[in-house]
Amino acid sequence: MVNPKGSSQSKICYRPIRPSDLDVLEHIHGRLFPIRYESAFFQDVVNGRDIVSWGAVDLNRPNGQSDELIGFVTARIVLAKESEIVDLLGYDSAKSDQTLVYILTLGVVESYRSLGIASSLIREVIKYGSSIPTCRAVYLHVISFNISAINLYKKMSFKCVRRLQGFYFINGQHYDSFLFIHYVNGGRSPCSPLELLSAMISYMKSGFKAVAAKLCKNEVRKISRWGKCKENHSLVSTIPSKRNTAVECTGCECV
Ligand SMILES: CC(C)(COP(=O)(O)OP(=O)(O)OC[C@H]1O[C@@H](n2cnc3c(N)ncnc32)[C@H](O)[C@@H]1OP(=O)(O)O)[C@@H](O)C(=O)NCCC(=O)NCCS
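These remarks concern the structure in this document. (Residues numbered from 1 in each chain as written. Predicted model: local features only at pLDDT ≥ 70, side-chain atom pairs only at ≥ 80, totals over all residues. Heavy atoms only, no water.)

### Details of the site of the ligand
Selection criterion: Definition of nearness: a residue and a molecule or strand are near each other if at least one heavy atom of the residue lies within 4 Å of the molecule or strand. Secondary structure is summarised from DSSP: a helix means a run of H or I of at least four residues, a strand means a run of E of at least two, and numbering begins at the N terminus for each. Residue polarity is assigned by list, with Asp, Glu, Lys and Arg as charged and Ala, Val, Leu, Ile, Met, Phe, Trp, Tyr, Cys and Pro as nonpolar; anything else, Gly included, falls into the polar class.
In the region of the ligand, 23 residues are neighbours, and Leu-106, Ser-114, Gly-116, Ser-119 and Asn-146 sit closest. Counting residues per element, the ones that place at least two in the shell around the ligand are strand E4 (99-108), helix H3 (117-131) and helix H4 (147-155). A total of six residues in the shell around the ligand trace back to one element, the largest contributor, which is H4. When grouped by side-chain class, the residues that make up the shell around the ligand number 11 nonpolar, nine polar and three charged.

### Structural notes on unusual backbone geometry
Even without being a glycine, Asn-63 presents a positive backbone phi close to 55°. Here Asn-63 is to be found in the loop between strand E2 (52-58) and strand E3 (69-79). Phi angles above zero are rare outside glycine, and Ser-114 is one such case at about 60°. With respect to the secondary-structure elements, Ser-114 resides in the loop between E4 and H3.

### Remarks on the pattern of salt bridges
Applied cut-off: The term salt bridge refers to a pairing of a side-chain nitrogen on Lys or Arg with a carboxyl oxygen on Asp or Glu at a separation within 4 Å.
Applying the stated criterion across every chain, the model contains eight salt bridges. A salt bridge links Asp-21 to Arg-15, with the nearest nitrogen and oxygen atoms 2.8 Å apart. Between Asp-67 and Arg-15 there is a salt bridge, with the nearest N and O atoms lying 3.0 Å from each other. Of this pair, Asp-67 sits in the loop between E2 and E3 while Arg-15 sits in strand E1 (residues 12-15), placing them 52 residues apart in sequence.

As structure tokens, this is what we get:
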């Protein structure tokens, strides 16, 4: 990879991911994540089938690489009432056609890190969510020890609202995840007593559903050696960063 960190010659630009990005996109995912994504996922991304995406490229890269992805973010629109965070939204969200944007994957190749590229990609997603009148929030999961990503989301004003025990199962081990949320378009956490009560009820219901689903399906068997998470394609990276030494979420704000 050319053009190391901090290079003043980089000219980063952002654009939707397209079919010609397929190989590079697949390759970067393979390098950055311990989860092996199905090829259908990449096909959906590059063809924009139910997935929105942004890629980062460095226009100043030589040797015909100026249009090659060096970063990406992928996301999907979900119905608020069908999401696992319906209880974290204010009154109404369970009833109407309100939507959310769920970030699936985010990554920047190593030699282009700490240049603000991931921040810009996240900003694109927030801008996109804000442009959809029905959208109330952008949210995602992150594995509990991915300190760089956790710092990134906090910096981008996401709130850590939940810790999910054993959410990820990777190479035979369970890992917790944090759920981060960024409200848009007046979306907010429940605050009236009635809203809080209904939030608690729907949270408990979703807990019961998860237990029932586990009992029925014997989920663990289905988990591949690469690991999976309960929400398909959600964000995970177990590749430790140099600064990923401590694991804590002291700044987490719970709603
Ligand atoms: C996490 C990741 C996307 C960050 O990309 P990036 O382009 O380097 O991020 P940015 O330059 O926009 O950094 C923004 C903020 O994130 C945090 N951050 C980024 N890298 C960090 C690191 N190594 N250690 C601690 N904090 C870090 C900082 O708060 C930083 O703000 P600052 O520069 O003012 O300190 C990148 O490291 C990556 O691709 N990691 C592997 C894949 C991954 O973990 N994806 C996210 C899964 S949830």
